[in-house]
Amino acid sequence: MASDYTDVLQKLCHHLKQFTGPDVEITPDTDLINQLAIDSVKLLNLIMEIEDEFDISVPINALADVQTVHELATLIHQIRTAK
Amino acid sequence: MSLLDKLDAVAAARKALLPEDVEVFGTPIDAVYSSTEAKIGERRILFLGTNNYLGLTFAPECLQAAHAAIDSEGTGTTGSRMANGSYSGHRALEQEFADFYQCHSCIVFTTGYQANLATISGLAGAGDVVLIDGDSHASIYDGCRLSGAEIIRFRHNDMVDLEKRLRRLGDRSRSTLIIVEGIYSMLGDRAPLADVVKLKDTYGSTLLLDEAHSLGVLGKTGQGLVEETGLVGEVDFITGTFSKSLGGIGGYCVSKHPQLDQLRYVSRPYIFTASPTPATIASTRAALRLLRGGTGLRRQLWQNVHKLYSRLDKLGYRLGPEPSPVIATILDTPQQALALWRGLLEHGIYVNLVVPPAAPEGNSLVRCSVSAAHSSEQMDYVGNAFSELRKTIFQ
(Lines give C-alpha, C1' and ligand atoms only; values in the text may rest on other atoms or scores of the structure.)
Protein backbone atom coordinates (compact mmCIF):
# COMPACT_ATOMS: atom_id res chain seq x y z
CA MET A 1 0.00 0.00 0.00
CA ALA A 2 2.77 2.44 0.96
CA SER A 3 4.70 1.61 -2.19
CA ASP A 4 1.57 2.36 -4.27
CA TYR A 5 1.38 5.79 -2.66
CA THR A 6 5.10 6.35 -3.31
CA ASP A 7 4.62 5.38 -6.93
CA VAL A 8 1.71 7.84 -7.26
CA LEU A 9 3.73 10.58 -5.58
CA GLN A 10 6.71 10.06 -7.87
CA LYS A 11 4.61 10.13 -11.02
CA LEU A 12 2.64 13.14 -9.80
CA CYS A 13 5.88 15.06 -9.10
CA HIS A 14 7.04 14.22 -12.62
CA HIS A 15 3.88 15.84 -14.05
CA LEU A 16 4.23 18.84 -11.74
CA LYS A 17 7.75 19.56 -13.04
CA GLN A 18 6.18 21.29 -16.06
CA PHE A 19 5.06 24.09 -13.71
CA THR A 20 8.47 24.71 -12.10
CA GLY A 21 12.04 25.50 -12.96
CA PRO A 22 14.46 22.53 -12.99
CA ASP A 23 16.04 23.56 -9.68
CA VAL A 24 12.76 23.81 -7.73
CA GLU A 25 12.21 20.95 -5.33
CA ILE A 26 8.67 19.56 -5.11
CA THR A 27 7.83 17.94 -1.79
CA PRO A 28 4.59 16.42 -0.43
CA ASP A 29 3.99 19.69 1.43
CA THR A 30 4.34 21.87 -1.64
CA ASP A 31 1.24 24.03 -2.10
CA LEU A 32 -0.12 23.60 -5.62
CA ILE A 33 -1.66 27.06 -5.92
CA ASN A 34 0.57 29.29 -3.79
CA GLN A 35 3.98 27.71 -4.51
CA LEU A 36 3.56 26.24 -7.98
CA ALA A 37 1.17 28.97 -9.20
CA ILE A 38 -1.18 26.41 -10.70
CA ASP A 39 -4.41 28.25 -11.51
CA SER A 40 -7.80 26.59 -11.78
CA VAL A 41 -7.51 25.88 -15.51
CA LYS A 42 -3.98 24.45 -15.24
CA LEU A 43 -5.15 22.22 -12.38
CA LEU A 44 -8.05 20.87 -14.44
CA ASN A 45 -5.71 20.11 -17.35
CA LEU A 46 -3.27 18.45 -14.96
CA ILE A 47 -6.09 16.23 -13.72
CA MET A 48 -6.75 15.00 -17.28
CA GLU A 49 -3.06 14.04 -17.59
CA ILE A 50 -3.23 12.22 -14.26
CA GLU A 51 -6.40 10.38 -15.29
CA ASP A 52 -4.57 9.10 -18.38
CA GLU A 53 -1.40 8.23 -16.47
CA PHE A 54 -3.27 6.06 -13.95
CA ASP A 55 -6.28 5.09 -16.14
CA ILE A 56 -8.73 6.43 -13.56
CA SER A 57 -11.53 9.01 -13.35
CA VAL A 58 -10.90 11.93 -11.02
CA PRO A 59 -14.10 13.97 -10.49
CA ILE A 60 -13.20 17.63 -10.35
CA ASN A 61 -15.58 18.08 -7.39
CA ALA A 62 -13.08 16.03 -5.35
CA LEU A 63 -10.44 18.74 -5.84
CA ALA A 64 -12.19 21.23 -3.54
CA ASP A 65 -10.21 20.01 -0.53
CA VAL A 66 -6.90 19.53 -2.34
CA GLN A 67 -4.20 22.09 -1.65
CA THR A 68 -0.89 20.24 -1.41
CA VAL A 69 0.95 17.63 -3.45
CA HIS A 70 0.38 15.10 -0.65
CA GLU A 71 -3.38 15.73 -0.68
CA LEU A 72 -3.56 15.24 -4.44
CA ALA A 73 -1.42 12.09 -4.27
CA THR A 74 -3.67 10.73 -1.52
CA LEU A 75 -6.80 11.39 -3.60
CA ILE A 76 -5.31 9.60 -6.62
CA HIS A 77 -4.16 6.71 -4.43
CA GLN A 78 -7.64 6.36 -2.91
CA ILE A 79 -9.31 6.31 -6.33
CA ARG A 80 -6.82 3.70 -7.61
CA THR A 81 -7.35 1.54 -4.56
CA ALA A 82 -11.14 1.73 -4.90
CA LYS A 83 -11.07 0.58 -8.57
CA MET B 1 -7.91 36.02 5.18
CA SER B 2 -11.18 37.89 5.75
CA LEU B 3 -13.99 37.96 3.22
CA LEU B 4 -13.08 41.50 2.19
CA ASP B 5 -9.38 40.62 1.99
CA LYS B 6 -10.29 38.06 -0.65
CA LEU B 7 -11.94 40.76 -2.74
CA ASP B 8 -8.87 42.98 -2.30
CA ALA B 9 -6.79 40.10 -3.68
CA VAL B 10 -9.10 39.97 -6.71
CA ALA B 11 -8.64 43.72 -7.21
CA ALA B 12 -4.85 43.35 -6.99
CA ALA B 13 -4.84 40.50 -9.53
CA ARG B 14 -6.97 42.53 -11.91
CA LYS B 15 -4.69 45.58 -11.51
CA ALA B 16 -1.63 43.46 -12.23
CA LEU B 17 -3.17 42.20 -15.44
CA LEU B 18 -4.88 45.30 -16.82
CA PRO B 19 -4.32 49.07 -16.41
CA GLU B 20 -6.81 50.84 -14.17
CA ASP B 21 -7.72 53.51 -16.70
CA VAL B 22 -9.23 50.97 -19.07
CA GLU B 23 -12.75 49.72 -18.46
CA VAL B 24 -12.36 46.52 -20.41
CA PHE B 25 -15.00 44.59 -18.52
CA GLY B 26 -18.45 46.11 -18.31
CA THR B 27 -17.50 48.93 -20.67
CA PRO B 28 -20.02 51.77 -20.20
CA ILE B 29 -22.32 52.04 -23.22
CA ASP B 30 -23.75 55.56 -23.13
CA ALA B 31 -26.34 55.33 -25.89
CA VAL B 32 -27.55 52.69 -28.35
CA TYR B 33 -28.43 53.85 -31.86
CA SER B 34 -29.24 50.57 -33.60
CA SER B 35 -28.42 46.85 -33.49
CA THR B 36 -24.90 47.64 -34.75
CA GLU B 37 -24.07 51.15 -33.51
CA ALA B 38 -23.79 52.82 -30.10
CA LYS B 39 -21.97 55.55 -28.18
CA ILE B 40 -19.11 55.05 -25.74
CA GLY B 41 -18.08 58.34 -24.11
CA GLU B 42 -18.18 60.85 -26.95
CA ARG B 43 -17.36 58.30 -29.62
CA ARG B 44 -19.80 56.63 -32.02
CA ILE B 45 -18.81 52.97 -32.17
CA LEU B 46 -19.59 49.85 -34.14
CA PHE B 47 -20.89 46.94 -32.07
CA LEU B 48 -18.71 43.92 -32.86
CA GLY B 49 -18.75 42.44 -29.37
CA THR B 50 -22.42 41.60 -28.93
CA ASN B 51 -24.08 38.32 -29.82
CA ASN B 52 -26.81 39.92 -31.90
CA TYR B 53 -26.29 37.37 -34.68
CA LEU B 54 -29.50 38.08 -36.60
CA GLY B 55 -29.63 41.77 -35.63
CA LEU B 56 -33.14 41.48 -34.19
CA THR B 57 -32.82 43.80 -31.17
CA PHE B 58 -34.55 46.61 -33.06
CA ALA B 59 -36.84 44.49 -35.26
CA PRO B 60 -40.17 46.40 -35.45
CA GLU B 61 -42.16 43.19 -34.89
CA CYS B 62 -40.29 42.53 -31.61
CA LEU B 63 -40.54 46.12 -30.38
CA GLN B 64 -44.25 46.25 -31.11
CA ALA B 65 -44.93 42.90 -29.40
CA ALA B 66 -43.01 43.97 -26.28
CA HIS B 67 -44.84 47.30 -26.07
CA ALA B 68 -48.22 45.61 -26.42
CA ALA B 69 -47.37 43.03 -23.73
CA ILE B 70 -46.38 45.73 -21.24
CA ASP B 71 -49.66 47.53 -21.89
CA SER B 72 -51.79 44.42 -21.51
CA GLU B 73 -49.95 42.37 -18.85
CA GLY B 74 -47.73 44.82 -16.98
CA THR B 75 -44.02 45.09 -16.39
CA GLY B 76 -43.36 41.80 -14.56
CA THR B 77 -44.80 38.54 -13.29
CA THR B 78 -43.41 39.25 -9.78
CA GLY B 79 -42.73 35.62 -9.00
CA SER B 80 -42.01 32.07 -10.09
CA ARG B 81 -44.40 30.07 -12.21
CA MET B 82 -44.57 27.37 -9.54
CA ALA B 83 -45.88 29.81 -6.94
CA ASN B 84 -47.42 32.63 -8.96
CA GLY B 85 -48.89 30.93 -12.02
CA SER B 86 -48.08 30.57 -15.72
CA TYR B 87 -49.11 33.38 -18.05
CA SER B 88 -50.54 32.44 -21.44
CA GLY B 89 -47.54 33.93 -23.29
CA HIS B 90 -45.07 31.73 -21.39
CA ARG B 91 -47.13 28.63 -22.17
CA ALA B 92 -47.48 29.63 -25.82
CA LEU B 93 -43.75 30.21 -26.22
CA GLU B 94 -43.04 26.75 -24.79
CA GLN B 95 -45.45 25.20 -27.29
CA GLU B 96 -43.86 27.17 -30.13
CA PHE B 97 -40.35 25.97 -29.17
CA ALA B 98 -41.59 22.36 -28.89
CA ASP B 99 -43.18 22.67 -32.35
CA PHE B 100 -40.01 24.26 -33.75
CA TYR B 101 -37.89 21.28 -32.70
CA GLN B 102 -40.73 18.78 -33.23
CA CYS B 103 -40.12 17.75 -29.64
CA HIS B 104 -42.50 16.60 -26.93
CA SER B 105 -41.80 19.28 -24.36
CA CYS B 106 -40.19 22.62 -23.66
CA ILE B 107 -39.48 24.63 -20.53
CA VAL B 108 -38.73 28.34 -20.73
CA PHE B 109 -36.31 29.89 -18.23
CA THR B 110 -35.51 33.44 -17.19
CA THR B 111 -31.92 33.44 -18.50
CA GLY B 112 -29.77 31.18 -20.64
CA TYR B 113 -27.46 30.65 -17.66
CA GLN B 114 -30.45 29.47 -15.65
CA ALA B 115 -31.52 27.11 -18.47
CA ASN B 116 -28.27 25.15 -18.08
CA LEU B 117 -28.23 25.44 -14.30
CA ALA B 118 -31.82 24.18 -14.02
CA THR B 119 -31.64 21.46 -16.66
CA ILE B 120 -28.34 19.93 -15.59
CA SER B 121 -29.05 20.07 -11.86
CA GLY B 122 -32.54 18.68 -12.45
CA LEU B 123 -31.33 15.78 -14.59
CA ALA B 124 -28.19 14.65 -12.75
CA GLY B 125 -27.63 14.17 -9.04
CA ALA B 126 -25.44 12.52 -6.43
CA GLY B 127 -24.14 9.21 -7.74
CA ASP B 128 -24.50 10.24 -11.40
CA VAL B 129 -21.73 11.47 -13.67
CA VAL B 130 -21.58 14.50 -15.96
CA LEU B 131 -18.99 14.28 -18.71
CA ILE B 132 -18.30 17.72 -20.13
CA ASP B 133 -16.12 19.23 -22.84
CA GLY B 134 -13.12 21.05 -21.35
CA ASP B 135 -14.14 24.31 -23.08
CA SER B 136 -17.67 24.29 -21.67
CA HIS B 137 -19.37 27.55 -20.71
CA ALA B 138 -19.44 28.56 -17.03
CA SER B 139 -23.19 27.91 -16.86
CA ILE B 140 -22.49 24.24 -17.64
CA TYR B 141 -19.78 23.99 -14.98
CA ASP B 142 -22.05 25.70 -12.44
CA GLY B 143 -25.02 23.50 -13.32
CA CYS B 144 -22.83 20.44 -12.84
CA ARG B 145 -21.62 21.68 -9.46
CA LEU B 146 -25.17 22.37 -8.32
CA SER B 147 -26.25 18.87 -9.39
CA GLY B 148 -23.89 17.12 -6.96
CA ALA B 149 -22.95 14.62 -9.69
CA GLU B 150 -19.33 13.67 -10.30
CA ILE B 151 -17.86 16.03 -12.90
CA ILE B 152 -15.37 14.65 -15.40
CA ARG B 153 -13.92 16.66 -18.31
CA PHE B 154 -12.77 15.44 -21.71
CA ARG B 155 -10.36 17.28 -23.99
CA HIS B 156 -12.08 19.83 -26.20
CA ASN B 157 -13.78 18.19 -29.21
CA ASP B 158 -11.54 15.10 -28.83
CA MET B 159 -13.70 12.02 -29.43
CA VAL B 160 -10.91 9.54 -28.66
CA ASP B 161 -10.59 11.23 -25.29
CA LEU B 162 -14.36 11.17 -24.70
CA GLU B 163 -14.53 7.45 -25.47
CA LYS B 164 -11.59 6.74 -23.15
CA ARG B 165 -13.40 8.45 -20.30
CA LEU B 166 -16.71 6.69 -21.05
CA ARG B 167 -14.90 3.33 -21.07
CA ARG B 168 -13.32 4.04 -17.69
CA LEU B 169 -16.78 4.62 -16.18
CA GLY B 170 -17.86 1.04 -16.92
CA ASP B 171 -21.55 0.50 -16.07
CA ARG B 172 -21.75 4.04 -14.71
CA SER B 173 -21.76 5.34 -18.30
CA ARG B 174 -25.50 4.54 -18.27
CA SER B 175 -26.10 7.16 -15.60
CA THR B 176 -23.86 9.68 -17.34
CA LEU B 177 -24.93 12.97 -18.92
CA ILE B 178 -22.62 14.04 -21.76
CA ILE B 179 -22.70 17.80 -22.45
CA VAL B 180 -21.44 19.54 -25.61
CA GLU B 181 -22.12 22.86 -27.34
CA GLY B 182 -23.32 23.63 -30.87
CA ILE B 183 -20.82 26.47 -31.27
CA TYR B 184 -18.25 27.08 -28.52
CA SER B 185 -18.25 30.67 -27.30
CA MET B 186 -14.50 31.16 -27.05
CA LEU B 187 -13.14 29.88 -30.40
CA GLY B 188 -16.35 29.59 -32.41
CA ASP B 189 -15.85 25.94 -33.35
CA ARG B 190 -18.56 23.25 -33.39
CA ALA B 191 -18.94 19.99 -31.53
CA PRO B 192 -18.49 16.86 -33.72
CA LEU B 193 -22.10 15.97 -32.99
CA ALA B 194 -22.43 12.82 -35.14
CA ASP B 195 -19.48 11.24 -33.33
CA VAL B 196 -20.80 12.31 -29.93
CA VAL B 197 -24.19 10.73 -30.71
CA LYS B 198 -22.51 7.46 -31.74
CA LEU B 199 -20.59 7.33 -28.47
CA LYS B 200 -23.58 8.17 -26.30
CA ASP B 201 -25.55 5.39 -28.03
CA THR B 202 -22.72 2.88 -27.67
CA TYR B 203 -22.31 3.58 -23.96
CA GLY B 204 -26.00 4.10 -23.13
CA SER B 205 -25.48 7.65 -21.91
CA THR B 206 -27.72 10.72 -22.18
CA LEU B 207 -26.77 13.74 -24.31
CA LEU B 208 -27.40 17.43 -23.67
CA LEU B 209 -26.52 19.91 -26.43
CA ASP B 210 -26.29 23.64 -25.68
CA GLU B 211 -27.26 25.61 -28.80
CA ALA B 212 -26.72 29.05 -27.20
CA HIS B 213 -24.47 30.34 -29.99
CA SER B 214 -25.83 28.15 -32.81
CA LEU B 215 -29.58 28.85 -32.54
CA GLY B 216 -30.58 30.98 -35.51
CA VAL B 217 -27.13 30.58 -36.99
CA LEU B 218 -26.97 26.95 -38.18
CA GLY B 219 -29.57 24.85 -40.02
CA LYS B 220 -32.12 25.69 -42.69
CA THR B 221 -34.67 27.03 -40.20
CA GLY B 222 -32.10 28.02 -37.57
CA GLN B 223 -32.59 25.17 -35.07
CA GLY B 224 -28.83 25.00 -34.67
CA LEU B 225 -26.25 22.25 -35.00
CA VAL B 226 -28.95 19.55 -34.64
CA GLU B 227 -30.55 20.74 -37.87
CA GLU B 228 -27.26 21.32 -39.68
CA THR B 229 -26.28 17.71 -38.95
CA GLY B 230 -29.78 16.16 -39.27
CA LEU B 231 -29.60 14.82 -35.71
CA VAL B 232 -32.51 16.55 -33.98
CA GLY B 233 -34.09 13.22 -33.07
CA GLU B 234 -30.85 11.81 -31.64
CA VAL B 235 -30.15 14.41 -28.95
CA ASP B 236 -31.91 13.90 -25.61
CA PHE B 237 -31.99 17.49 -24.34
CA ILE B 238 -31.31 20.79 -26.13
CA THR B 239 -30.80 24.04 -24.24
CA GLY B 240 -30.35 27.54 -25.58
CA THR B 241 -30.73 31.21 -24.91
CA PHE B 242 -32.94 34.11 -26.03
CA SER B 243 -30.12 36.62 -25.49
CA LYS B 244 -28.21 36.07 -28.72
CA SER B 245 -30.04 35.40 -32.01
CA LEU B 246 -33.41 36.17 -30.42
CA GLY B 247 -32.25 39.56 -29.13
CA GLY B 248 -33.87 39.33 -25.67
CA ILE B 249 -33.09 37.50 -22.45
CA GLY B 250 -34.15 34.04 -21.30
CA GLY B 251 -33.49 30.40 -22.07
CA TYR B 252 -35.12 27.12 -23.00
CA CYS B 253 -34.78 23.39 -22.86
CA VAL B 254 -36.57 21.11 -25.34
CA SER B 255 -36.64 17.33 -25.30
CA LYS B 256 -38.15 14.35 -27.03
CA HIS B 257 -38.55 12.83 -23.57
CA PRO B 258 -41.86 13.62 -21.79
CA GLN B 259 -39.98 13.40 -18.49
CA LEU B 260 -38.62 16.90 -19.15
CA ASP B 261 -41.80 18.32 -17.62
CA GLN B 262 -40.87 16.80 -14.26
CA LEU B 263 -37.96 19.25 -14.02
CA ARG B 264 -40.58 21.81 -13.02
CA TYR B 265 -40.90 19.95 -9.70
CA VAL B 266 -37.28 19.08 -8.96
CA SER B 267 -35.16 21.85 -10.44
CA ARG B 268 -34.49 24.52 -7.84
CA PRO B 269 -33.29 27.22 -10.28
CA TYR B 270 -36.62 26.89 -12.11
CA ILE B 271 -38.79 26.69 -8.99
CA PHE B 272 -37.24 29.62 -7.19
CA THR B 273 -36.66 32.19 -9.97
CA ALA B 274 -39.24 34.74 -11.09
CA SER B 275 -40.46 34.00 -14.60
CA PRO B 276 -39.55 36.26 -17.57
CA THR B 277 -41.43 39.53 -18.01
CA PRO B 278 -44.40 39.57 -20.40
CA ALA B 279 -42.47 41.95 -22.68
CA THR B 280 -39.53 39.55 -22.88
CA ILE B 281 -41.81 36.63 -23.72
CA ALA B 282 -43.68 38.64 -26.36
CA SER B 283 -40.55 39.94 -28.10
CA THR B 284 -39.03 36.44 -28.01
CA ARG B 285 -42.14 34.94 -29.64
CA ALA B 286 -41.92 37.55 -32.40
CA ALA B 287 -38.17 36.98 -32.77
CA LEU B 288 -38.64 33.20 -32.99
CA ARG B 289 -41.01 33.67 -35.92
CA LEU B 290 -38.43 35.89 -37.63
CA LEU B 291 -35.66 33.40 -36.86
CA ARG B 292 -37.58 30.45 -38.31
CA GLY B 293 -38.20 32.34 -41.53
CA GLY B 294 -34.83 34.04 -41.48
CA THR B 295 -33.12 32.32 -44.40
CA GLY B 296 -32.08 35.70 -45.82
CA LEU B 297 -30.72 36.84 -42.46
CA ARG B 298 -28.62 33.68 -42.16
CA ARG B 299 -27.32 34.12 -45.71
CA GLN B 300 -26.29 37.71 -44.90
CA LEU B 301 -24.75 36.64 -41.59
CA TRP B 302 -22.58 33.96 -43.20
CA GLN B 303 -21.50 36.32 -46.00
CA ASN B 304 -20.26 38.71 -43.32
CA VAL B 305 -18.60 35.87 -41.41
CA HIS B 306 -16.68 34.57 -44.42
CA LYS B 307 -15.68 38.07 -45.47
CA LEU B 308 -14.19 39.01 -42.09
CA TYR B 309 -12.70 35.60 -41.29
CA SER B 310 -10.89 35.36 -44.64
CA ARG B 311 -9.66 38.96 -44.37
CA LEU B 312 -8.19 38.41 -40.89
CA ASP B 313 -6.75 35.06 -41.98
CA LYS B 314 -5.02 36.69 -44.96
CA LEU B 315 -3.65 39.40 -42.67
CA GLY B 316 -1.91 36.66 -40.70
CA TYR B 317 -3.95 36.74 -37.51
CA ARG B 318 -4.22 33.44 -35.66
CA LEU B 319 -7.93 32.61 -35.57
CA GLY B 320 -10.32 30.01 -34.20
CA PRO B 321 -10.32 26.77 -36.24
CA GLU B 322 -13.32 27.48 -38.48
CA PRO B 323 -15.41 30.43 -39.71
CA SER B 324 -18.27 31.20 -37.37
CA PRO B 325 -20.17 34.27 -36.14
CA VAL B 326 -17.75 34.09 -33.18
CA ILE B 327 -14.41 35.07 -34.73
CA ALA B 328 -11.66 34.80 -32.13
CA THR B 329 -8.27 36.39 -32.74
CA ILE B 330 -5.75 34.45 -30.63
CA LEU B 331 -2.90 36.47 -29.11
CA ASP B 332 0.15 35.19 -27.25
CA THR B 333 -0.04 37.62 -24.33
CA PRO B 334 -2.70 39.64 -22.47
CA GLN B 335 -0.68 42.77 -23.33
CA GLN B 336 -0.97 42.10 -27.07
CA ALA B 337 -4.69 41.42 -26.70
CA LEU B 338 -5.21 44.59 -24.69
CA ALA B 339 -3.29 46.65 -27.27
CA LEU B 340 -5.45 45.25 -30.07
CA TRP B 341 -8.65 45.81 -28.06
CA ARG B 342 -7.67 49.42 -27.31
CA GLY B 343 -6.61 50.04 -30.89
CA LEU B 344 -9.92 48.78 -32.21
CA LEU B 345 -11.84 50.96 -29.74
CA GLU B 346 -9.82 53.98 -30.89
CA HIS B 347 -11.00 53.06 -34.41
CA GLY B 348 -14.58 53.08 -33.08
CA ILE B 349 -14.96 49.28 -32.94
CA TYR B 350 -16.12 47.56 -29.75
CA VAL B 351 -15.08 43.91 -29.35
CA ASN B 352 -14.56 41.50 -26.41
CA LEU B 353 -11.26 41.02 -24.60
CA VAL B 354 -10.73 37.60 -23.01
CA VAL B 355 -7.65 36.97 -20.89
CA PRO B 356 -6.44 33.95 -18.88
CA PRO B 357 -7.80 31.95 -17.21
CA ALA B 358 -11.05 32.56 -19.13
CA ALA B 359 -9.51 31.80 -22.53
CA PRO B 360 -8.50 28.22 -23.47
CA GLU B 361 -4.88 27.01 -23.30
CA GLY B 362 -3.56 30.11 -21.53
CA ASN B 363 -4.11 32.28 -24.62
CA SER B 364 -5.69 35.70 -24.78
CA LEU B 365 -8.46 36.49 -27.22
CA VAL B 366 -9.94 39.45 -28.99
CA ARG B 367 -13.35 38.12 -29.90
CA CYS B 368 -15.58 39.54 -32.62
CA SER B 369 -19.27 38.69 -32.92
CA VAL B 370 -20.59 39.15 -36.44
CA SER B 371 -24.22 40.08 -37.16
CA ALA B 372 -26.51 39.80 -40.16
CA ALA B 373 -27.19 43.49 -39.55
CA HIS B 374 -23.57 44.48 -40.25
CA SER B 375 -23.15 46.00 -43.69
CA SER B 376 -20.49 44.95 -46.15
CA GLU B 377 -18.91 48.40 -45.71
CA GLN B 378 -18.76 47.91 -41.93
CA MET B 379 -16.95 44.57 -42.44
CA ASP B 380 -14.48 46.32 -44.76
CA TYR B 381 -13.90 49.02 -42.14
CA VAL B 382 -13.22 46.39 -39.46
CA GLY B 383 -10.81 44.53 -41.76
CA ASN B 384 -8.94 47.76 -42.49
CA ALA B 385 -8.62 48.54 -38.78
CA PHE B 386 -7.19 45.07 -38.07
CA SER B 387 -4.78 45.60 -40.97
CA GLU B 388 -3.53 48.93 -39.59
CA LEU B 389 -3.19 47.61 -36.05
CA ARG B 390 -1.29 44.47 -37.01
CA LYS B 391 1.97 46.37 -37.49
CA THR B 392 1.86 47.93 -34.04
CA ILE B 393 0.61 44.86 -32.18
CA PHE B 394 3.31 42.52 -33.43
CA GLN B 395 6.25 44.93 -33.70
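The structure we're discussing is the one just above.
To keep things clear, this report deals only with the structure shown in the data block. Since this is a predicted model, take the numbers as computed values, not measurements.

Cut-off values and rules
- By convention here, each chain's residues receive numbers from 1 onward along its written sequence.
- Going through the entries in the order they are written, you letter the chains from A and number the ligands from 1.
- In view of the model being predicted, local features appear only for residues whose pLDDT reaches at least 70, and side-chain atom pairs are presented and counted only at 80 or more, with totals across whole chains, interfaces and linings using the full set of residues.
- The side-chain quantities take in all heavy atoms of the structure and omit both hydrogens and water.
- By the criteria applied, helices consist of DSSP H or I runs no shorter than four residues and strands consist of E runs no shorter than two, each listed in order from the N terminus.
- Just to be clear, the radius of gyration here is over C-alpha atoms, and the globule rule we use is 2.2 Å times residues to the power 0.38.
- Think of it in three bands: residues with accessible area under 20% of the maximum for their type are buried, residues over 50% are exposed, and the middle band is partly exposed, with areas taken using a 1.4 Å probe on protein chains only.
- Contacts between residues were defined by any pair of non-hydrogen atoms, one from each residue, lying within 4.5 Å.
- Every accessible area reported is derived by Shrake-Rupley at a probe size of 1.4 Å, with residue values counting cover from the shown protein chains alone.
- Charged-residue counts in this description rest on Lys and Arg as positive and Asp and Glu as negative, His and the chain ends being excluded.
- Note that the charge is assigned to NZ on lysines, CZ on arginines, CG on aspartates and CD on glutamates.
- Residues forming no salt bridge and having over 30% relative accessible area are the ones grouped into patches, like charges within 9 Å of each other and nonpolar side chains (Val, Leu, Ile, Met, Phe, Trp, Tyr) within 5 Å.
- Here a salt bridge means any side-chain nitrogen of Lys or Arg lying within 4 Å of a carboxyl oxygen belonging to Asp or Glu.
- A pair of Phe, Tyr and Trp rings is counted when the ring centres sit within 6.5 Å of each other, with Trp represented by its six-membered ring. The angle between the planes then sorts it: under 30 degrees is stacked, over 60 is edge-to-face, the rest tilted.
- In this scheme, Lys NZ or Arg CZ marks a charge over a ring once it lies within 6 Å of the ring centre and within 35 degrees of the ring normal.
- The length a helix should cover is 1.5 Å for every residue beyond the first.
- Only buried residues count toward a nonpolar core, which is a set of Ala, Val, Leu, Ile, Met, Phe, Trp, Tyr and Cys residues joined through side-chain atoms within 4.5 Å.

## Observations regarding the overall build of chain A
When helices and strands are counted, chain A shows 3 helices and 0 strands. Reading chain A from its N terminus to its C terminus gives the helix and strand order α-α-α. Over its C-alpha trace chain A gives a radius of gyration of 12 Å, about what one expects of a compact globule, namely 12 Å for 83 residues. Seen through its C-alpha atoms, chain A measures out along the principal axes to roughly 35 × 25 × 20 Å. Counting the 83 residues in chain A, one finds 45% classified as buried. Restricting the contact set of chain A to residue pairs at least 6 apart, pairs at least 24 apart contribute 60%. Only carbon and sulfur atoms are counted for the fraction: they give 53% of the accessible area of chain A, which is about 4,400 Å². Computed over 5 positive and 14 negative side-chain charges, the inter-centroid distance for chain A is 5 Å.

## Quick notes on a nonpolar patch on the surface
A surface patch of nonpolar side chains, amounting to about 300 Å² of accessible area, comprises Ile-29, Val-32, Phe-58 and Leu-63 of chain B. Tracing the backbone shows Val-32 of chain B in strand β1 (residues 31-32).

## Thoughts on the packing of aromatic side chains
Residue and element names in this part refer to chain B. Tallying each qualifying case throughout the model produces 9 aromatic pairs over all chains. Seen from their ring centres, Phe-47 and Tyr-350 are 6.5 Å apart, and the 65° between their planes marks the pair as edge-to-face. Separated by 303 residues along the polypeptide, Phe-47 in strand β3 (residues 43-47) and Tyr-350 in strand β12 (residues 349-350) bring together distant segments of the chain. Side by side, Phe-47 and Tyr-350 carry an identical accessibility label, which is buried. Three or more aromatic residues joined by ring pairs make a cluster, and in this case those are Phe-97, Phe-100, Tyr-101, Phe-242 and Tyr-252. It is Arg-44 that lies over the ring of Tyr-33; its NZ or CZ is 4.2 Å from the centre. Between Arg-390 and the ring centre of Tyr-317, over which it is positioned, the NZ or CZ distance is 5.7 Å.

## Observations concerning the environment of Ser-267 of chain B
All names here are of chain B. In this fold, Ser-267 is placed in the loop between α10 (263-266) and α11 (268-271). For the pair Ser-267 and Gly-122, spaced 145 residues apart in sequence, the C-alpha to C-alpha distance is 4.6 Å. Sequence-distant contacts of Ser-267, defined by excluding residues within four places in its chain, comprise Ala-118, Ser-121 and Gly-122.

## A look at helix α3 (residues 69-82) of chain A
Between the first and last C-alpha of α3 of chain A there are 20 Å, a value that for 14 residues agrees with the 20 Å anticipated at 1.5 Å per step. Those residues of α3 of chain A that fall on the buried side of the exposure criterion are Val-69, Leu-72, Ala-73, Leu-75, Ile-76, His-77 and Ile-79 of chain A.

## Details of the nonpolar core
By size, the foremost hydrophobic cluster in this structure holds 93 residues, and its most contacted members are Phe-97, Tyr-101, Val-180 and Leu-193 of chain B. Setting aside residues no more than four positions away along its own chain, Leu-193 of chain B makes contact with Val-180, Leu-207, Leu-209, Leu-225, Val-226, Thr-229, Leu-231 and Val-235 of chain B. Ile-26 and Ile-79 of chain A together with Ile-151 and Leu-177 of chain B belong to the second-largest nonpolar core, a separate cluster that totals 49 residues.

## Observations regarding the pattern of salt bridges
As enumerated under the stated definition, the model contains 25 salt bridges over all chains in all. With its nearest N and O atoms 3.4 Å apart, the salt bridge here joins Asp-52 of chain A to Lys-164 of chain B. One end of the pair, Asp-52 of chain A, is in helix α2 (residues 40-54); the other, Lys-164 of chain B, is in helix α7 (residues 159-169), on a second chain. Residue class for Asp-52 of chain A comes out partly exposed when judged on its relative accessible area of 25%.

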